[in-house]
Amino acid sequence: MNSHAMYSHNMTKVKVTNVMIVGGGVAGPATAMALQQAGIDATVYEAYDRTADGVGAFLTLAVNGMDVLRTLGISDQVRRRGFDTPKMVMEMDDKRLAEFRFGDPLPDGTVNQTITRADLYTVLRDEAVRRGIRIEYGKRLVGAEPSGAGVVARFEDGSTAEGDALVGADGLRSATRRIIDPEAPEPRYVPLLNAGGYARGVDVPGEPGVMHMFFGRRCFFSYVKRPDGEIWWFANPPQKRELSQKEVAAITPEQWRARLHELFADDKFPALRVIDATDHIFSGWNTYDFPRVPTWHRDGMVIVGDAAHATSPASGQGASMALEDALTLAKCLRDLPVGQALAAYEGLRRKRVERIVAMGKRNGDGKAAGPIGRLLLPLFMKFAAKAAAKQDWVYGYRIDWEQPVAA
């Protein structure tokens with residue numbers, strides 16, 4: 001029997017006890033903790049050094065993501081680092097177009113939380129380590145293949161590791177995705193850039209915790225007021241031609257400030273006051289998503305989070321989808337042999353995440369509306385308000401940890 005046939009046979013018989021996870025962002029440590037809760041050992045392999053992810057941006061964790069953290073016993077830690085963000089208001093030319101609630105609160109009153117990406121990483125990573133999960137740094141995955149006992153992973157430093165399964169939580173440019181399927185598609189460029197920052201000493205309209213979103217004449221802008229009065233904001237300058245990472249990195253904070261001043265010069269909302277009260281503007285980045293990744297798993301290897309279904313930030317669901325993946329995959333590996341578990345995971349997740357990605361694309365397209373699109377926005381928002389009332393499928397989604405997974 002050749003090694004591949006032997007491995008495929010094992011995939012239907014072997015109970016998982018040890019899993020390798022590639023990537024130490026959101027999905028990686030969350031998957032490790034969920035697996036530990038399922039009685040499965042996991043090791044996280046992170047490509048960068050611990051100090052390498054000083055990402056300045058912030059994100060919002062929706063109530064469906066917070067429910068996963070509640071199941072993992074760490075929602076309170078995230079709430080202590082973040083702040084409540086229960087609803088958003090959409091505006092244009094001093095007119096309120098729509099107001100949305102981000103789903104119903106959890107039974108304990110938890111609502112959406114806005115938190116810096118670095119703080120979320122820190123909470124997840126430190127709690128994983130506290131629970132005894134091993135995280136190895138400087139381990140960049142370069143190859144993986146089935147072995148008689150499971151999967152062997154090879155790293156750039158020449159080292160190897162072996163486990164019953166390999167989980168690729170390695171993000172938009174996932175090496176695991178390419179190993180599983182060398183023909184996997186590249187991420188789709190969404191023609192928007194991202195910039196933002198934290199402003200102090202400026203007052204803007206609105207209550208703390210309400211996300212204000214403005215369709216400017218030339219650029220989309222959003223801010224939310226933290227309870228202590230600090231303003232967290234972002235902008236999405238349109239950018240038709242995809243810039244290389246080097247080109248984006250070369251844009252200085254002063255150039256960002258000048259460009260944003262030009263884009264918001266004719267708008268009435270307080271974008272310029274907020275930008276001028278910001279000491280440091282984040283290094284910008286491109287926007288991408290994945291309409292569909294055809295192959296999620298093969299030979300005991302599987303992808304989760306952005307590696308499988310990156311969504312535009314306009315969906316507000318990227319981190320929450322990664323957390324849902326983590327819990328779902330752990331349940332499947334708890335209840336089923338590897339091969340059946342990975343197929344069950346994909347079956348439980350694919351339709352939902354692709355629908356979320358499509359929603360994010362529509363929301364992002366609205367941000368890039370030109371002059372004609374702006375004329376249609378009020379009408380679009382009326383429809384959007386009605387749709388928002390029916391978005392329990394997004395925010396009301398819950399994963400029952402106790403419910404067994406069927407093959």
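Not measured: the values here are computed from a predicted model.

1. With respect to helix α5 (residues 117-130)
Next, step 1: If you check α5, its first and last C-alpha atoms are 20 Å apart, about what 14 residues at 1.5 Å a residue would give, namely 20 Å.
Next, step 2: Those residues of α5 lying buried are Leu120, Tyr121, Val123, Leu124, Arg125, Glu127 and Ala128.
Next, step 3: Phi turns positive, to about 90°, at glycine 132, one or two residues after α5.

2. Some remarks on the nonpolar core
Next, step 1: Formed by 102 residues in total, the largest nonpolar core has its most connected members in Val19, Ile21, Leu61, Leu120, Leu166 and Leu333.
Next, step 2: No other element matches the 10 residues that helix α11 (residues 318-335) contributes to this core.
Next, step 3: Ala195, Val204, Trp256 and Val274 belong to the second largest nonpolar core, which has 24 residues in total.

3. Structural notes on the packing of aromatic side chains
Next, step 1: Applying the stated criterion across every chain, the model contains 20 aromatic pairs.
Next, step 2: Seen in terms of ring centroids, phenylalanine 58 and tyrosine 198 are 6.1 Å apart; in terms of plane orientation they differ by 45°. Their pairing is tilted. In this pair, phenylalanine 58 sits in strand β3 (residues 58-61) while tyrosine 198 sits in strand β13 (residues 188-199), placing the two residues 140 residues apart along the sequence. Side by side, phenylalanine 58 and tyrosine 198 carry an identical accessibility label, which is buried.
Next, step 3: Judged by centre distance (6.0 Å) and plane angle (20°), the ring pair of phenylalanine 221 and phenylalanine 269 falls under stacked.

4. Some thoughts on helix α2 (residues 27-37)
Next, step 1: In terms of burial, α2 is largely enclosed, as nine of its 11 residues are buried.
Next, step 2: Every buried residue of α2 is accounted for by Ala27, Gly28, Pro29, Ala30, Thr31, Ala32, Met33, Ala34 and Leu35.
Next, step 3: Buried residues along α2 sit against β1 (18-22), β2 (41-46), α5, β12 (165-168) and α11.
Next, step 4: Of the residues flanking the end of α2, it is glycine 39, one or two places downstream, whose phi is positive at about 85°.

5. Side note on the sheet that holds strand β10 (residues 150-155)
Next, step 1: Taking strand neighbours across the sheet as the criterion, the three strands line up as β9-β10-β11 in an open arrangement whose pairing is antiparallel. What marks the edges here is a single partner per strand, and that holds for β9 (141-147) and β11 (160-163). Taking the axes of each pair of neighbouring strands and ignoring which way they run, one obtains an average angle of 20° across the sheet.
Next, step 2: In this structure, β9 lies alongside β10, joined through six bridges in antiparallel fashion. The residue bridging alanine 144 from the neighbouring strand is alanine 153, located in β10.

6. A word on unusual backbone geometry
Next, step 1: You will see that aspartate 299, though not glycine, has its phi angle at about 50°, which is positive.
Next, step 2: With respect to the element layout, aspartate 299 can be found in the loop between β19 (297-298) and β20 (301-303).

7. A word on the environment of tyrosine 223
Next, step 1: Mapped onto the elements of the fold, tyrosine 223 is located in strand β15 (residues 220-225).
Next, step 2: Separated by 51 residues in the primary sequence, tyrosine 223 and valine 274 place their C-alpha atoms 8.6 Å from one another.
Next, step 3: For tyrosine 223, the residues in contact, after removing those within four places along its chain, are Val204, Pro205, Val210, Met211, His212, Phe214, Ile231, Trp232, Trp233 and Pro270.
Next, step 4: At 2.7 Å, the side chain of tyrosine 223 and the backbone oxygen of proline 205 are in polar contact.

8. Re the confidence of the model for the protein
Next, step 1: Residue-level pLDDT values for the protein average 89, and 88% of them are 70 or greater.
Next, step 2: This model gives residues 1-13 a pLDDT under 50, and the stretch forms 19 contacts once residues within four places in sequence are excluded.

9. Quick word on the pairing of strand β6 (residues 95-101)
Next, step 1: As paired strands, strand β5 (residues 87-92) and β6 are joined by six bridges and run antiparallel to one another. Along β6, the bridge assignment pairs glutamate 91 with arginine 96.
Next, step 2: Turn length for the β5-β6 hairpin, with the two strands adjacent in sequence and antiparallel, is two residues, and the turn residue aspartate 93 shows positive phi of about 50°.

10. Regarding the packing of helix α3 (residues 63-71) against α11
Next, step 1: In contact at an axis separation of 8 Å, α3 and α11 are set at 40° when each is read in the N-to-C sense. As the angle between them shows, α3 and α11 are arranged oblique. Between α3 and α11 lies a crossing of left-handed hand. Residue-level inspection shows Asn64, Gly65, Val68, Leu69 and Thr71 of α3 in contact with α11, the latter providing Ser320, Met321, Leu323, Glu324 and Leu327.
Next, step 2: Its residues assigned to classes, the contact of α3 with α11 shows five nonpolar, four polar and one charged.

11. Regarding the sheet that holds strand β8 (residues 134-137)
Next, step 1: What the six strands build is an open sheet, ordered β8-β2-β1-β12-β20-β19; its pairing is mixed. Of all strands in the sheet, those with a lone pairing partner are β8 and β19, marking the two edges.
Next, step 2: Bridging between β2 and β8 involves four bridges; their strand directions are parallel. Bridging from a neighbouring strand, valine 44 pairs with isoleucine 135 of β8.
Next, step 3: The sheet contacts of α2 involve β1, β2 and β12, and relative to β1 the element is tilted by about 170°.

Cut-off values and rules
Per chain, residues are indexed from 1 in the order of the written sequence. The predicted origin of the model limits local features to residues at a pLDDT of at least 70 and limits the giving and counting of side-chain atom pairs to 80 or more, whereas totals for whole chains, interfaces and linings rest on all residues. Hydrogen atoms and water are omitted, and side-chain values are computed over all heavy atoms in the structure. Every helix listed is a DSSP run of H or I at least four residues long, and every strand listed is a run of E at least two residues long, numbered separately from the N terminus. A helix is expected to span 1.5 Å for every residue after the first. Only protein chains enter the area calculation, which uses a 1.4 Å probe; residues under 20% of their type maximum are buried, those over 50% are exposed, and those in between are partly exposed. The set of buried Ala, Val, Leu, Ile, Met, Phe, Trp, Tyr and Cys residues whose side-chain atoms join them within 4.5 Å is what this entry labels a nonpolar core. Note on aromatic pairs: the rings of Phe, Tyr and Trp (six-membered ring only in Trp) are paired at centre separations within 6.5 Å, and the planes decide the class, stacked below 30 degrees, edge-to-face beyond 60, tilted for the rest. Should any heavy atoms of two residues lie within 4.5 Å, those residues are counted as being in contact. We treat two strands as partners when DSSP finds at least two bridges between them. Fitted lines through C-alpha atoms give the axes, limited to the stretch in contact for helices. The angle between two N-to-C directions lies from 0 to 180 degrees. The definition of a polar contact used here is a pair of N or O atoms within 3.5 Å, where within protein one atom must be able to donate a hydrogen and the other to accept one, and adjacent residues in sequence count solely through side-chain atom pairs. Note: pLDDT gives the predictor's confidence per residue, expressed from 0 to 100. Geometric relationships in this document are graded by angle, where less than 35 degrees denotes roughly parallel, more than 145 denotes roughly antiparallel, 65 to 115 denotes roughly perpendicular, and other angles denote oblique. In a left-handed crossing the near helix is turned counterclockwise from the far helix by less than a right angle, and in a right-handed crossing that turn is clockwise. Note on residue categories: nonpolar means Ala, Val, Leu, Ile, Met, Phe, Trp, Tyr, Cys or Pro, charged means Asp, Glu, Lys or Arg, and polar means any other residue, Gly included.

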